[in-house]
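One-letter residues, chain by chain:
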Amino acid sequence: MSHASSKMAEIEERQTVGYDDYHALLLGFPFFVCTFASCTNQGIIRNMTYTIEGPHHIDTTIELPAGKSISNRALIIHALAGQQVMPLNLSDCDDTEVIVEALEKMPETINVKAAGTAMRFMTAYLSVGEGEHVITGTERMKHRPIGVLVDALRYLGADIRYEGEEGYSPLRIRGRKLEGGRLEMPGNVSSQFISALLLIAPTLSNGLELKLTDTIISRPYIDLTLCMMRDFGAVAEWSDVDIINVMAKPYVARPYVIESDWSAASYWYEIMALSDDAEATVRLTGLMDGSRQGDSVVKYIFSLLGVKTTFETTEPGVPTTVTLHRRPCMLPRLEYDFTGAPDLAQTLVVCCALMGIKFHFKGLASLKIKETDRIEALKTELRKLGYMIHDANDSELYWDGERCEPTGEPIDTHEDHRMAMAFAPAALKLPGLRVNNPEVVSKSYPDFWRDLRQAGFTL
Ligand SMILES: O=C(O)C1=C[C@@H](OP(=O)(O)O)[C@@H](O)[C@H](O)C1
Ligand SMILES: C=C(OP(=O)(O)O)C(=O)O
């Protein structure tokens, strides 16, 4: 039997044993159990499984990745500003690299893979650029909606055709000069459509007045877009609770340093909350007090779960190191509305369940159209660990403490980086937790596993 097939047999054998037997089996693999079942096309390793053991004591400094939302906005603005001064500390994650490559090479077919922001921002960018391009992505991307953005751009005069199903990528885009003007669009599907339009708005000869209808979701991401546009000389602001005005005024290139990623920080908050080490300390670099990233609200949410945040300096606009410490947490139940911070939902769902904190989370409708249907994925994977969580109204998840027999199966990551990163810290409570396809983290945090090892986890 080859090495790969004997490893495969071993995985299958482990999948058929009970949960306790499964832990006993793991004792034979004290440090490193990384199973390669097969290697597929493009050199991407698939069907790998990590078996994770958490450390008893944590005292570490983590160099977080740069924010992908900021990186991707900075790249589009930088391209529209005439490409003079490259933003500093760009993220090296997949979602940013696809934009870097597209802007550098401008191939006829641009493949943004699984990057939602890249798909939406580049669609707007190509509409006002030169030449004809097809933009496409992964199979999942071809099922994530883009019709609202295409309708809005077409209303402004853009030449965009669907290459496949109406309302979805791939798109064929022929760039042309657009005039802009007044436009209405729904705010309840994805804020990325709104950010995409806003980013190109200063280049429109009449500017843009955008009225948002319905509930506005992920609003902090729209605010981030407006702030960054202003950083580069645009005149762009809310003129009412649902109306944004952008003047026709070219961007001004300037040096720009990208802050670390607060969504990535959330997994370290989760690690702090789940660690049994009362003295645990994690330092996270490159974050700002008063950050414009909406997910910086994670410091408030986790203060309720006993994680205290201290900024080294609180000078506005200056990235610094944040230190996380533990406090006792007696919280019996948490209610939170994630409409403004959808990317934090998985972290909090897994963390609360593992801490035994009942929860009712709302504002989760957009989770169904992200890298995977995150509502279904969370229910399925937590069920494997013995937690019965329920959904309601296509936008809520709640847990009332209901437990079931753990199945002992590994956690599937559903081609979703946040599934892998939200579940990995659970190994602190469930030593030997297995996570399939851990490589998915490269979408936003390529060094996640390296950083876990640095913190004392074994994989
Ligand atoms: O603009 C952005 O950078 C993002 C907006 C959010 O998407 P939605 O607006 O679709 O919720 C968020 O989930 C995504 O990870 C990044
Ligand atoms: C939803 C996400 O990304 P995107 O929509 O940009 O693919 C995410 O990073 O969690």
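Residues numbered from 1 in each chain as written. Chains lettered and ligands numbered in written order. Predicted model: local features only at pLDDT ≥ 70, side-chain atom pairs only at ≥ 80, totals over all residues. Heavy atoms only, no water.

As named in an unreviewed UniProt entry, the protein chain is 3-phosphoshikimate 1-carboxyvinyltransferase, taken from Segatella maculosa OT 289. For the record of the protein chain, the UniProt heading Subcellular location (unreviewed entry) holds the text "Cytoplasm". You can read under Subunit (unreviewed entry) in the UniProt record for the protein chain the words "Monomer." (UniProt positions renumbered as here; feature names shortened; annotations may be inferred.)

**Q** Explain the UniProt feature "domain: Enolpyruvate transferase" (unreviewed entry) in the protein chain to me, using residue names and the numbers behind them.
**A** This chain's UniProt record puts "domain: Enolpyruvate transferase" (unreviewed entry) on residues 53-107 and 109-452. Counting secondary structure, residues 53-107 comes out at 45% helix and 7% strand; the distance between its end C-alpha atoms is 44 Å. Overall, residues 109-452 shows 28% helix and 22% strand. The separation of its end C-alpha atoms is 36 Å. (Helix = DSSP H or I, 4+ residues; strand = E, 2+ residues; numbered from the N terminus.)

**Q** How would you explain the UniProt feature "binding site: 3-phosphoshikimate" (unreviewed entry) in the protein chain if you had to name every residue and give the values?
**A** Residues given the UniProt feature "binding site: 3-phosphoshikimate" (unreviewed entry) here are Lys68, Ser69, Arg73, Ser190, Ser191, Gln192, Ser218, Asp343 and Lys370. By the element assignment, serine 218 lies in the loop between strand E9 (208-213) and helix H8 (219-231). Apart from residues lying up to four places away in sequence, serine 218 is in contact with Ser191, Thr339, Gly340 and Pro342. Checked against the element boundaries, lysine 370 lands in the loop between strand E16 (358-362) and helix H12 (374-384). Beyond its immediate chain neighbours, meaning those up to four positions away, lysine 370 contacts Arg140, Arg144, Pro342 and Asp343. (Contact = heavy atoms within 4.5 Å.)

**Q** Go over helix H3 (residues 68-80), please, and point to the residues and values.
**A** Look at H3: 18 Å from first C-alpha to last across 13 residues, which is about the 18 Å you get at 1.5 Å a residue. Across the 13 residues that make up H3, a large majority, 12, are buried. Inspection of H3 places Lys68, Ser69, Ile70, Ser71, Asn72, Arg73, Ala74, Leu75, Ile76, Ile77, His78 and Ala79 among the buried residues, and these make up the whole buried set. Tucked into the core, H3 has its buried residues touching helix H4 (94-105), helix H5 (116-127), helix H7 (191-200), H8 and helix H13 (417-423). (Expected span 1.5 Å × (residues − 1). Buried < 20%, exposed > 50% of the residue type's maximum accessible area, 1.4 Å probe, protein only.)

**Q** Which residues make up the pattern of salt bridges, and what are the values?
**A** Evaluation of the coordinates by the stated rule reveals 27 salt bridges. Notably, a salt bridge pairs glutamate 139 with lysine 142, separated by 3.2 Å at the nearest N-O pair. Glutamate 139 gets classed as exposed once you look at its relative accessible area, which sits at 53%. Here glutamate 163 makes a salt bridge to arginine 172, at a shortest N to O gap of 3.2 Å. If you follow the salt bridges from partner to partner, you end up with Lys68, Asp95, Asp343, Glu371, Arg374, Asp416, Arg418 and Lys443 in one network. (Salt bridge = Lys/Arg side-chain N within 4 Å of Asp/Glu carboxyl O.)

**Q** Quick one: what's the story with the site of ligand 2, residue by residue and with numbers?
**A** Neighbouring residues of ligand 2: 14 residues in total, closest Lys68, Gly116, Arg144, Arg418 and Lys443. Between ligand 2 and glutamine 192 there is a distance of 2.9 Å, counted from an oxygen atom to a side-chain nitrogen or oxygen. At 2.9 Å from an oxygen atom of ligand 2 is found a side-chain nitrogen or oxygen belonging to arginine 374. Its free accessible area being 300 Å², ligand 2 has 98% of it covered by the protein chains. (Near = heavy atom within 4 Å. Polar contact = N/O pair within 3.5 Å; in protein donor to acceptor, adjacent residues only side chain to side chain. Areas by Shrake-Rupley, 256 points an atom, 1.4 Å probe, with all protein chains shown as cover.)

**Q** Now, about the side chain of asparagine 436: what can you tell me, with residues and values included?
**A** Tracing the sequence through the fold places asparagine 436 in strand E19 (residues 433-436). A polar contact is formed between the side chain of asparagine 436 and the side chain of aspartate 412, at a distance of 2.8 Å. Those residues in contact with asparagine 436, other than ones at most four positions away along the chain, are Met48, Thr49, Pro410, Ile411, Asp412 and Thr413.

**Q** Explain the environment of isoleucine 58 to me, using residue names and the numbers behind them.
**A** Along the chain, isoleucine 58 falls in the loop between strand E2 (45-52) and strand E3 (59-62). The exposure class assigned to isoleucine 58 is buried, which follows from its relative accessible area of 0%. Placed 190 residues apart in sequence, isoleucine 58 and alanine 248 show a C-alpha to C-alpha distance of 51 Å.

**Q** Residues and numbers for the sheet that holds E3, please.
**A** Pairing is mixed in the open sheet, where 4 strands are placed in the order E3-E12-E14-E13. Each edge of the sheet is formed by a strand with only one pairing partner; in this case those strands are E3 and strand E13 (307-311). Neighbour-to-neighbour, the strand axes of this sheet turn through a mean angle of 20 degrees, independent of strand direction. When E13 meets strand E14 (residues 320-326), the two strands line up antiparallel, connected through 5 bridges. Paired with valine 307 across the strands is arginine 326, a residue of E14. Packing of helix H9 (residues 262-274) onto the sheet brings it into contact with E3, strand E12 (281-287), E13 and E14, and relative to E12 it is tilted by some 170 degrees. (Pairing = 2+ DSSP bridges. Axes fitted to C-alpha atoms, helices over the stretch in contact; angles between N-to-C directions.)

**Q** Which residues make up the site of ligand 1, and what values do they have?
**A** Lining the immediate surroundings of ligand 1 are 13 residues, of which Ser69, Arg73, Ser190, Ser191 and Asp343 lie closest. Serine 218 places a polar side-chain atom, nitrogen or oxygen, 2.7 Å from an oxygen atom of ligand 1. Here lysine 370 contributes a side-chain N or O atom positioned 2.8 Å from an oxygen atom of ligand 1. Considering ligand 1 on its own, with 380 Å² of exposed area, one finds that the protein chains cover 95% of that surface.

**Q** Describe the environment of proline 55, listing the residues and the values that go with them.
**A** Position of proline 55 relative to the elements: it lies in the loop between E2 and E3. Residues proline 55 and leucine 287, spaced 232 residues apart in sequence, show a C-alpha to C-alpha distance of 25 Å. For proline 55, the residues in contact, after removing those within four places along its chain, are Leu428, Ala455, Gly456 and Phe457.

**Q** Now, about the side chain of glutamate 396: what can you tell me, with residues and values included?
**A** Locating glutamate 396 in the fold gives a position in strand E18 (residues 396-399). No salt bridge is formed by the buried glutamate 396. Its closest oppositely charged neighbour is lysine 362, at 5.1 Å. Within the structure, the side chain of glutamate 396 is placed 2.8 Å from the side chain of histidine 360, a separation counted as a polar contact. If sequence neighbours within four positions are ignored, glutamate 396 has contacts with His360, Phe361, Lys362, Leu364, His390 and Asp391. (Lys, Arg positive; Asp, Glu negative; His and termini not counted.)

**Q** Just give me the short version of the packing of H3 against H4, but keep the residues and values in it.
**A** Taken N-terminus to C-terminus, the directions of H3 and H4 make an angle of 10 degrees; their axes are 9 Å apart at the nearest point. Here H4 runs roughly parallel to H3, going by the angle between their axes. Taking contact as the criterion, the partners of Lys68, Ser71, Asn72, Leu75, Ile76 and Ala79 in H3 are, on H4, Asp95, Thr96, Ile99, Val100 and Leu103. (Parallel < 35°, antiparallel > 145°, perpendicular 65-115°, else oblique.)

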